[in-house]
Amino acid sequence: MSIPVTVVILAAGEGTRMKSRLPKVLHPVAGDTLLGHVARSAAALDPKQVVVVVGHGAEAVHEAFAARWKALAPHIPFSVVVQSERRGTAHALRVTEEVLAAVTGTLLVLSGDVPLLRPATLRHLLAVHAATGAAATVLSTHLATPTGYGRIRRTSDGGFDRIIEERDATPAEKAITEINAGVYTFQLDGLFDVLARISNDNAQGEYYLPDALRLLRQDGRRVEVLLHPEAEEVCGVNTRAELAAAGAILRRRKVAELMAAGVTFLDPATAYVEVEVEIGMDTVVYPNVHLEGQTVIGEDCRIHTGARLVNACLGNSVTVRDYSLVFDSRLDDRATVGPFAHLRLNAHVQEGAVVGNFVEVKQSSLGPGTKAMHLSYLGDATLGAGVNVGAGTITCNYDGRQKHRTIVEDGVKIGSDTMLVAPVRVGAGAVTGAGAVVTEDVPPATLVVGVPAKVKKVLS
């Protein structure tokens with residue numbers, strides 16, 4: 001049973017160690033932004049509402065989050081609050097007071113730079129918080145090298161005492177390996193009164209959110225710590241190296257999830273698979289394949305070495321041969337592409353059609369059973385069923401000012417090195433001779449040859 005919860009995501013930091021003009025939480029990793037991954041975990045909890053605190057790059061972060069949240073959970077309301085002065089994590093939470101004034105119950109506080117947190121971990125945290133009746137519960141873990149993190153100091157009986165920020169820690173406290181993961185649950189009743197009492201008398205002159213736990217304990221309210229055994233899951237991203245490491249973990253998780261669902265990866269270590277990719281049962285993915293964006297692959301497909309698919313949609317029993325590129329395009333059942341093919345801008349290869357080696361298809365459709373086997377460019381074209389496109393065929397779709405369409409009807413045979421100068425239509429059952437330059441519509445069931453191509457004969 002889910003626990004009703006309101007979520008606040010702290011995403012105001014600049015992230016100076018990233019050394020980037022891009023706000024840290026908007027850096028992409030494994031098919032989403034850092035903030036997007038946090039939003040994904042928050043959405044899985046089905047919260048009552050979500051509040052995001054922004055600061056550095058506020059407008060860009062606001063726009064990016066709004067777009068992502070509407071895709072993830074359009075039924076759940078969200079708010080964005082600006083922390084105009086970055087004065088610490090407690091101050092960041094305080095700026096949400098007006099938005100949350102009428103909200104009661106449990107508050108979950110997340111950081112926008114912790115992309116590896118699983119929804120299951122957050123549900124466990126919420127369950128422990130509810131079961132213990134705590135006013136606050138903080139997530140912790142052990143790190144062999146805890147540099148940069150606040151330390152969890154415990155009482156003699158193992159309970160929570162306080163969190164010590166590293167800059168304020170003594171040498172003995174710095175030796176503590178249990179660290180604050182920056183994930184908290186609070187009861188909203190009285191929380192903002194506690195936040196108002198926090199002092200900035202510390203080495204950084206900031207208002208620390210962990211001090212709220214110390215004040216709650218001083219008030220006689222219960223504070224719990226949930227020690228999480230998987231340190232990598234709760235660590236934040238502050239540098240490019242940590243970003244790369246997080247991406248590797250997310251992709252590894254995704255491959256494991258797909259294998260558990262019946263997908264074969266011949267070499268999982270070399271598969272680059274982003275988090276929104278979907279693959280059907282009994283599909284085989286060969287080494288060094290890149291699957292990105294919102295790619296969806298059906299069942300019994302074969303994706304061969306070196307292929308890269310971005311926002312591609314594949315039916316069942318599709319074959320993508322070695323080193324082919326498929327961007328924003330659709331392949332229907334039993335279609336075959338490659339090797340060394342390039343499909344882009346809403347190319348559509350229909351059932352049983354074949355796009356061969358060194359063929360580029362741009363904003364074009366190939367009908368059922370149509371074949372373009374070698375060294376061709378098909379741009380802004382519609383090809384019917386059963387068409388055969390000879391090697392070296394080009395649709396000349398651009399006149400220097402605008403693009404024009406080529407229409408090739410069913411059963412046409414296009415001879416090698418044919419130039420189809422758009423706008424042009426080749427009628428059903430027609431044939432173009434090798435080297436023809438077609439500048440005018442070709443009547444059905446005729447043979448055209450020459451430069452410019454003329455009707456040579458009518459086919460029976």
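Everything discussed here concerns the structure shown above.
As a starting point, this report considers the structure included with it. Please read these numbers as outputs of a predicted model, since none were measured by experiment.

Reading the values: rules and limits
- Residues numbered from 1 in each chain as written.
- Predicted model: local features only at pLDDT ≥ 70, side-chain atom pairs only at ≥ 80, totals over all residues.
- Heavy atoms only, no water.
- Helix = DSSP H or I, 4+ residues; strand = E, 2+ residues; numbered from the N terminus.
- Buried < 20%, exposed > 50% of the residue type's maximum accessible area, 1.4 Å probe, protein only.
- Contact = heavy atoms within 4.5 Å.
- Areas by Shrake-Rupley, 256 points an atom, 1.4 Å probe, with all protein chains shown as cover.
- Lys, Arg positive; Asp, Glu negative; His and termini not counted.
- Charge placed at Lys NZ, Arg CZ, Asp CG, Glu CD.
- Pairing = 2+ DSSP bridges.
- Patch = residues over 30% accessible without salt bridge, like charges linked within 9 Å, V, L, I, M, F, W, Y side chains within 5 Å.
- Salt bridge = Lys/Arg side-chain N within 4 Å of Asp/Glu carboxyl O.

Before going further, it helps to spend a moment on the overall build of the protein. Across its full length, the protein carries ten helices and 42 strands. Counting the 460 residues in the protein, one finds 52% classified as buried. Residue pairs at least 24 apart in sequence account for 41% of intrachain contacts in the protein once pairs closer than 6 positions are excluded. Counting every atom, the protein has about 19,900 Å² of accessible surface; 52% of that belongs to carbon and sulfur. Side chains of the protein carry 45 positive and 49 negative charges; the gap between the two charge centres is 3 Å.

Here strand 11 (residues 223–227) lies mainly inside the structure; four of its five residues are buried. Summarising the sheet, strand 7 (residues 136–142) and strand 11 pair through five bridges and their orientation is parallel. Counted as the bridge partner of V138 is V225 from strand 11.

This brings us to a negative patch on the surface. A cluster of acidic side chains, namely E97, E98, D189 and D193, defines a negative patch on the protein surface. Note on E97: relative accessible area 37%, which makes it partly exposed.

Its place among the elements puts E173 in helix 6 (residues 171–174). You can call E173 buried: its relative accessible area is 11%. Look past the residues within four positions of E173 in its chain and what remains in contact with it is R151, R153, I164 and D168.

Inspection of the secondary structure puts C301 in the loop between strand 17 (296–297) and strand 18 (302–303). Along the chain, C301 and T270 lie 31 residues apart, while their C-alpha atoms are 18 Å from each other. Setting aside its immediate chain neighbours within four residues, C301 contacts D282, T283, V284, G315, N316, S317 and V318.

Now for the pattern of salt bridges. This model, assessed by the stated rule, comprises 25 salt bridges. Salt-bridge contacts for E230 lead to R118; the nearest nitrogen and oxygen are separated by 3.2 Å. With a gap of 112 residues between them, E230 in the loop between strand 11 and helix 9 (231–234) and R118 in the loop between strand 6 (106–111) and helix 5 (119–132) connect regions that are remote in the sequence. Residue classification places E230 among the partly exposed positions, given a relative accessible area of 36%. Accessibility expressed as a relative area gives 29% for R118, which makes it partly exposed. A salt bridge links R153 to E173, with the shortest nitrogen-to-oxygen separation between them at 2.9 Å. One end of the pair, R153, is in strand 8 (residues 151–154); the other, E173, is in helix 6, with 20 residues separating them in the sequence.

Below, the discussion takes up the sheet that holds strand 18. Strand pairs in the sheet, formed through backbone hydrogen bonds, run parallel or antiparallel to each other. Sheet architecture is open: twelve strands sit in the order 12-15-18-21-24-27-30-33-36-39-41-42, paired in mixed fashion. In this open sheet, the two strands that pair with only one neighbour each are strand 12 (264–265) and strand 42 (454–458). Bridging between strand 33 (residues 388–389) and strand 36 (residues 413–414) involves two bridges; their strand directions are parallel. By the bridge assignment, V389 is partnered in strand 36 with I414.

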